[in-house]
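As a plain string of letters, each chain reads:
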Amino acid sequence: MPQSMRPKVRPHHLAAFTIALAAVGCVETSSEQKASDQAVSANSAPPQACDNPGGGNPPACEVPPPVSCSEDTPLDGGRSYPVMLTSASGETIAFQVLEPIGGIDCSKGHPLVLHGHGFGGSRSVDGFENYRKAGFAVISIDQRGFGESTGTVRVMDPEFEGQDLIQILDWAEENLKYLRYRNEPQLPAGLNPNPVVGAIGGSYGGGFQLLLHGQDPRQRLDAIVPDITWYDLRNSLNPGNVIKTGWDLVLVAGGEAGSTPNGNGGLDPIIREILAQGATLNRFPEAGLDFFYYHSPAYRCEGEPVSVQESTDLLSYQINPPAFDVEPTAYPAVDVLLTQGMKDTLFNFNEAWRNFECLKSRGGDVRLLTHQTGHILPLEAPDELQPAEYLDPTADLLELPGFQAAAGQFACGDISISDATLNWLEHHLQGKPLASYFDGTDSEVCLSLDDGQSIRVPMDEFPAPPLSGEALDGAQVVERSVATDLPVASGYEAVATATQPPAALPLGEAGASGLIIGGIPTATLSVSDLLGRTTCEVELDPYAAGCDPIVFVGLGKRPAGESRWQLIDDQIKPVRGLKDQEVVELVGIAEALMPGDELALLVYGFHPQYPASWSRDALVPFVNIEGTVQLPVLGGSL
């Protein structure tokens, strides 16, 4: 969306923002940013074979045939041309083929790199010079419902987007005769020789990689680099059973803007109804959570099947229910470079860690690097990002005080994520050596602390709680007790006092050598009303009046001599309902504190990342909080 066309929501327009949310609903999407020097460069790209392919099938202008390698066709390479296919669901699948630059080698062959755009974006028709000059062919894809790929957006549905992606790889094998093949010893004989294929992309462009890898019956993906993508959409969109409305409204608007102007169907009716009902009731319907789980890597990692509920109040399920036909089989082994932004508040570090745990357990070369950007509202991210044309449909959409800090560098210390992405594919697809900056990353996670600052943490000792929901434990964990001195406002009371600073529950201050915290902290909390109740009456629904307070907690720091607390990495976690010593997994962070800096658990009754998700329970206007916080300390002392 051009800068001049992006609407802005001012603080005094918050009421209108909330009303619009109920009307539009909320959905996962991805913020995709502008291209890097490896990416889109219209001035340096080779001449386009089809400047305006149109929306038809076949395209409205002449498209050159693929290089056959067996007929008298030019082998100069460097062309870019569109391809339109008809999907199994009767829709158009559109993608762009970008040939290697510098000539096509039919005897040695060229590895293929698939590229996916972010939510609301579209394929790149030029660019990727570094990849193409390095000998890669690139296919940039219009995902279903975006660009010139028709149909409704199903958010990486195995039945739809999954089948479309397999069809694209089938076309590539049949038509790009210069693809490189090799024998893969871990594959059955019937799948060898296998094409050499990798994939890149961020957010929605990371989600397609994991979907395709899990579903492709021929296991053609050899190396992938998903950046800032999700593990479980139920947690991404609905952490702690609280809808992430600060993201959901603006992102669904961006997704619709990237689909419907092209004549596509926008979000699928099932998704629209799930989101609208969630916004209206201030909670997602259970059937909707099942739908999003089926569209997540968690479905294959956790292996729990899902079926359509017989009784549901979703009209779209009664008219055209989802199939849920694809079984949650485990991922095959694959070489994965996961990259993740520590300041990403849509798909946070916890999502990357769970993907890492899952894929690492399956085998392959799996590594995790973090950086200082990601899904950032309301600001643009840096230019130097993944090799693609990135679109951030949400940039400048919100201008709320104290919302989120600016993004930082797309690097982990001195490791450029863009450079690492290309080198990773050169190594695993072409056999070139890994750059020296990868040394040690086979056994250590690179945690970005700030621009130019990072710390390496052994994978086997990384401080993260188990998926089973237990508190963080281990030699690196420091535990502190917390309790509120005064009740914290919830719901209507919190909204009325939204400009008030959060309650700060002290955890200590950094010692003489400073303090480095990094990992996924937890808190074991009791949340009580003014009568001291920490549980609801047994017969009451957990969302019933008198049972449904909502607060938001996160770790904050206050530099020595200052009065204002800063939410570390802008990461906040909702806590819903009355609790009795319940473990809450907080959002992963990485931060270096200077000597004398104070650390606290910050508690908010209202937070602008969740502008329409505050409690509607007028019977619990205030709560008291007490418990313990388990902190991952990597260096220094507290």
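Structure shown above.
What counts, and where the lines are drawn
- Residues numbered from 1 in each chain as written.
- Predicted model: local features only at pLDDT ≥ 70, side-chain atom pairs only at ≥ 80, totals over all residues.
- Heavy atoms only, no water.
- Core = buried A, V, L, I, M, F, W, Y, C linked by side-chain atoms within 4.5 Å.
- Buried < 20%, exposed > 50% of the residue type's maximum accessible area, 1.4 Å probe, protein only.
- Disulfide = S-S within 2.5 Å.
- Helix = DSSP H or I, 4+ residues; strand = E, 2+ residues; numbered from the N terminus.
- Lys, Arg positive; Asp, Glu negative; His and termini not counted.
- Salt bridge = Lys/Arg side-chain N within 4 Å of Asp/Glu carboxyl O.
- Polar contact = N/O pair within 3.5 Å; in protein donor to acceptor, adjacent residues only side chain to side chain.
- Contact = heavy atoms within 4.5 Å.
- Expected span 1.5 Å × (residues − 1).
- Phe/Tyr/Trp six-rings, centres within 6.5 Å; stacked < 30°, edge-to-face > 60°.
- Lys NZ or Arg CZ within 6 Å of the ring centre and 35° of its normal.
- Axes fitted to C-alpha atoms, helices over the stretch in contact; angles between N-to-C directions.
- Parallel < 35°, antiparallel > 145°, perpendicular 65-115°, else oblique.

What about the nonpolar core?
Here is a general trend for soluble globular proteins: nonpolar side chains tend to be buried in one another's company.
Part 1 of the argument: The biggest cluster of nonpolar side chains holds 87 residues, and the ones touching the most others in it are Phe-95, Leu-114, Ile-139 and Leu-447.
Part 2 of the argument: Within the second largest apolar cluster, 28 residues are counted, among which are Leu-586, Ile-589, Leu-593 and Val-623.

Structural notes on the state of the cysteines
Part 1 of the argument: Per the counting criterion, the structure on display carries 4 disulfides.
Part 2 of the argument: One disulfide bridge connects Cys-412 with Cys-446, the sulfur atoms lying 2.0 Å from each other. The sign of the S-S torsion, about -105°, decides the handedness of the disulfide formed by Cys-412 and Cys-446: left-handed. Of this pair, Cys-412 sits in strand S11 (residues 411-412) while Cys-446 sits in strand S13 (residues 444-450), placing them 34 residues apart in sequence. The burial state of Cys-412 is the same as that of Cys-446; both residues are buried.
Part 3 of the argument: What pairs with Cys-536 in a disulfide is Cys-547, and their sulfur atoms sit 1.9 Å apart. Remark: Cys-547 occurs in the loop between strand S19 (522-528) and strand S20 (550-558) and Cys-536 occurs in the loop between S19 and S20; sequence separation between them is 11 residues.
Part 4 of the argument: The exposure class assigned to Cys-547 is buried, which follows from its relative accessible area of 1%.

Focus on the side chain of Asp-597
Part 1 of the argument: Checked against the element boundaries, Asp-597 lands in the loop between strand S24 (589-593) and strand S25 (598-604).
Part 2 of the argument: One buried charge, Asp-597, has no salt-bridge partner; the nearest side chain with opposite charge is Lys-557, at 5.0 Å.
Part 3 of the argument: Polar contacts involving the side chain of Asp-597 include one to the main-chain amide nitrogen of Ala-560, which spans 3.3 Å.
Part 4 of the argument: Apart from residues no more than four positions distant in its own chain, Asp-597 is found in contact with Gly-508, Glu-509, Ala-510, Arg-558, Pro-559 and Ala-560.

Digging into helix H4 (residues 204-215)
Every α-helix carries 3.6 residues per turn, so stepping three or four residues along brings you back to the same face.
Part 1 of the argument: Its 12 residues place the ends of H4 17 Å apart at the C-alpha level, agreeing with the 16 Å of an ideal helix rising 1.5 Å per residue.
Part 2 of the argument: H4 sits mainly inside the fold: 12 of its 12 residues count as buried.
Part 3 of the argument: Within H4, burial applies to Tyr-204, Gly-205, Gly-206, Gly-207, Phe-208, Gln-209, Leu-210, Leu-211, Leu-212, His-213, Gly-214 and Gln-215.

Regarding unusual backbone geometry
Part 1 of the argument: Of the consecutive residues Asn-192 and Pro-193, the connecting peptide bond is found in the cis state with omega at -5°.
Part 2 of the argument: In the Ramachandran plot, Asn-282 falls in the positive-phi region, its phi being about 65° despite a non-glycine side chain.
Part 3 of the argument: Structurally, Asn-282 is set in the loop between helix H7 (269-281) and helix H8 (286-294).

Some words on the pattern of salt bridges
Part 1 of the argument: Counting across every chain of the model gives 23 salt bridges.
Part 2 of the argument: The salt bridge involving Glu-256 is made with Arg-272; its shortest N-O contact spans 3.1 Å. Linking Glu-256 in helix H6 (residues 245-257) with Arg-272 in helix H7, this pair joins segments that are 16 residues apart in sequence.
Part 3 of the argument: Note on Arg-272: relative accessible area 34%, which makes it partly exposed.

Remarks on the packing of aromatic side chains
Part 1 of the argument: Counted under the stated rule, the structure contains 19 aromatic pairs.
Part 2 of the argument: Taken together, a centroid distance of 6.0 Å and an interplanar angle of 90° make the contact between Phe-146 and Tyr-204 edge-to-face. Pair noted here: Phe-146 is in the loop between strand S4 (137-142) and helix H3 (161-175) and Tyr-204 is in helix H4, with a separation of 58 residues, a long-range link.
Part 3 of the argument: The ring of Trp-614 has Arg-616 lying over it, and the distance from NZ or CZ to the ring centre is 3.9 Å.

Regarding the packing of H3 against H4
Part 1 of the argument: The interhelical angle for the contact between H3 and H4, taken along N-to-C directions, is 75°, at an axis separation of 9 Å. Classified by the interaxial angle, the pair formed by H3 and H4 is roughly perpendicular. Residues Glu-161, Gly-162, Gln-163, Leu-165, Ile-166 and Leu-169 of H3 form the contact with H4, whose participating residues are Tyr-204, Phe-208, Leu-211, Leu-212 and Gln-215.

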